[in-house]
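What follows is each chain in one-letter form.
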Amino acid sequence: MRSVALNCDMNPDMNPDVNPDVNPVIVVHGGGASKISKDRKERVRQGIMKAAQAGYKILTEGGSAVDAVEGAVTILEDHPEFNAGCGSVLNANGDVEMDASIMNGKDLSAGAVSAVRCIANPIKLARLVMEKTTHCFLTDQGAAKFAAAMGVPTIPKEQLVTERNIKRLEKEKHEKGAPNSDCQKNLGTVGAVALDCKGNVAYATSTGGIVNKMVGRVGDTPCIGSGGYADNDIGAISTTGHGESILKVNLARLTLFQVEQGKTLEEAADMSLGYMKSKLKGLGGVILVSKAGDWAVRWTSASMPWAAAKDGKLHSGIDLEETSVTDLP
């Protein structure tokens, strides 16, 4: 049996769903960070570039924006250097509890999960919530029962715990003995935004939360409008940073509101991040793509690993004033 992939380069007369004025684009982030050690930096850089390349390949082969952001975030969840999936930080009991959300800008459908345990890829479960239920958000035991019903395999919790995160928890408990509310330290998340060749946008965001958090703590990541948002009439955004601060300002929707008001992506991001910092001392970052295919990455934390793929070029960076551009294969 032979199959033909819908390629974005196809003649639009042959495929009326393809918008000839749209060039697919994907942007991914690996979370805001206070600093990234030299020994980790190259692994982080390669991981974020791999995720962007994988998502872009999905787009250029005719896949949807939802497919692309899910694919990119899945790669980051499977990478131990990022605070999501198998790299998730530990709560006060030394366990992993993960949050994720995804949204389709075509019809505003969305799915989210929180406080999930013992699954490898929460973003896939969030997509199942979006597509297989009438709800937007499932949590904890309800999410676990739904995952089982959908045939999502469970994994031993030890597979999600890294030696690095065990040491981070020990250090945190030693330093403070309580959950760290420092807005500059707990910033890890992963996310992606994309525009496909049909003109649809989507976002996906996933995280393990903050080190030494209370059991059951949920941050911004699974909350539509805070951890991300997607609307074909505006664009898509994924956020990262201090979760409680992001929740209080609805950072994702706030930023897209500024875009609706005529601000450029960079202006909108700077205004929203600046507002969060001035009102709450909260640091963070955002990645955006507009309905026209423009994209932007902005952050107020010390660094934010990111990569963007468009027009056969891969852009990437970690620190401010640092951007590299390479040709995609």
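Rules behind the numbers
Residues numbered from 1 in each chain as written. Predicted model: local features only at pLDDT ≥ 70, side-chain atom pairs only at ≥ 80, totals over all residues. Heavy atoms only, no water. Core = buried A, V, L, I, M, F, W, Y, C linked by side-chain atoms within 4.5 Å. Buried < 20%, exposed > 50% of the residue type's maximum accessible area, 1.4 Å probe, protein only. Axes fitted to C-alpha atoms, helices over the stretch in contact; angles between N-to-C directions. Helix = DSSP H or I, 4+ residues; strand = E, 2+ residues; numbered from the N terminus. Parallel < 35°, antiparallel > 145°, perpendicular 65-115°, else oblique. Contact = heavy atoms within 4.5 Å. Nonpolar A, V, L, I, M, F, W, Y, C, P; charged D, E, K, R; others polar. Pairing = 2+ DSSP bridges.

Draft legend 1. Geometry of the nonpolar core. Core analysis: the largest hydrophobic core is formed by 53 residues, its most contacted members being Ile26, Val28, Ile102, Val113 and Leu125. Among the nonpolar cores identified, the runner-up in size contains 35 residues, and Val259, Leu273, Trp299 and Ala308 belong to it.

Draft legend 2. The arrangement of the packing of helix H3 (residues 122–132) against helix H4 (residues 140–149) in detail. As a packed pair, H3 and H4 sit with axes 11 Å apart at the nearest point and diverge in direction by 80 degrees. On the basis of their axis angle, the class for H3 and H4 is roughly perpendicular. Residues Leu125, Leu128, Val129 and Lys132 of H3 form the contact with H4, whose own contacting residues are Ala143, Phe146 and Ala147. For the contact of H3 with H4, the residue count by class is six nonpolar, no polar and one charged.

Draft legend 3. How the structure looks around the environment of Pro80. Secondary-structure assignment places Pro80 in the loop between helix H2 (65–77) and strand S2 (98–104). Through-space distance from the C-alpha of Pro80 to that of Gly282 is 26 Å; in sequence the pair is 202 residues apart. Every residue in contact with Pro80, bar those within four places of it in the chain, is listed here: Cys86, Gly87, Thr162 and Arg164.

Draft legend 4. Region of the structure containing the pairing of strand S13 (residues 324–327). Direction of pairing for strand S12 (residues 313–319) relative to S13: antiparallel, over a ladder of four bridges. Bridge assignment links Leu314 to a residue of S13, and that residue is Thr326. Connecting the antiparallel pair S12 and S13 is a turn made up of four residues, with Glu321 showing a positive phi of about 60 degrees.

Draft legend 5. Up close: the packing of H2 against H3. Relative to each other, H2 and H3 sit at 150 degrees, their axes nearing to 8 Å. Classified by the angle their axes make, H2 and H3 are roughly antiparallel. In this structure, H2 contributes Val66, Asp67, Glu70, Val73, Thr74 and Glu77 to the contact, and H3 contributes Pro122, Ile123, Lys124, Arg127 and Met130. The residue inventory of the contact of H2 with H3, partitioned by class, reads five nonpolar, one polar and five charged.

Draft legend 6. Focus on the sheet that holds S13. Pairing within the open sheet is mixed, and its nine strands lie in the order S4-S3-S2-S6-S5-S1-S11-S12-S13. Both outer strands of the open sheet, strand S4 (137–139) and S13, are each paired with one neighbouring strand and no more. Along the sheet, successive strands turn relative to each other by an average axial angle of 10 degrees, direction set aside. Looking at chain direction, strand S1 (residues 25–29) and strand S11 (residues 303–310) are connected through five bridges and run antiparallel. Bridge pairing in S11 places His29 opposite Trp306. Of the strands in this sheet, S1, strand S5 (190–195), S11 and S12 touch helix H1 (residues 38–60), which is tilted by about 30 degrees from S11.

Draft legend 7. Focus on the sheet that holds strand S10 (residues 295–299). Spatially, the four strands line up as an open sheet ordered S7-S8-S9-S10, and their pairing is antiparallel. The strands lining the two open edges of the sheet, one partner per strand, are strand S7 (228–231) and S10. Ignoring which end each strand starts from, the neighbouring axes of this sheet average 5 degrees apart. With seven bridges joining them, strand S8 (residues 235–241) and strand S9 (residues 284–290) adopt antiparallel strand pairing.

Draft legend 8. Structural context of unusual backbone geometry. The phi dihedral of Asn250 is positive, around 50 degrees, even though this residue is not glycine. Within the secondary structure layout, Asn250 lies in the loop between helix H6 (243–249) and helix H7 (251–260). Residue Asn250 is classed as partly exposed on the basis of its relative accessible area of 40%. Look at Asp311: it is not a glycine, yet its phi comes out positive at around 55 degrees. Mapped onto the fold, Asp311 is located in the loop between S11 and S12.

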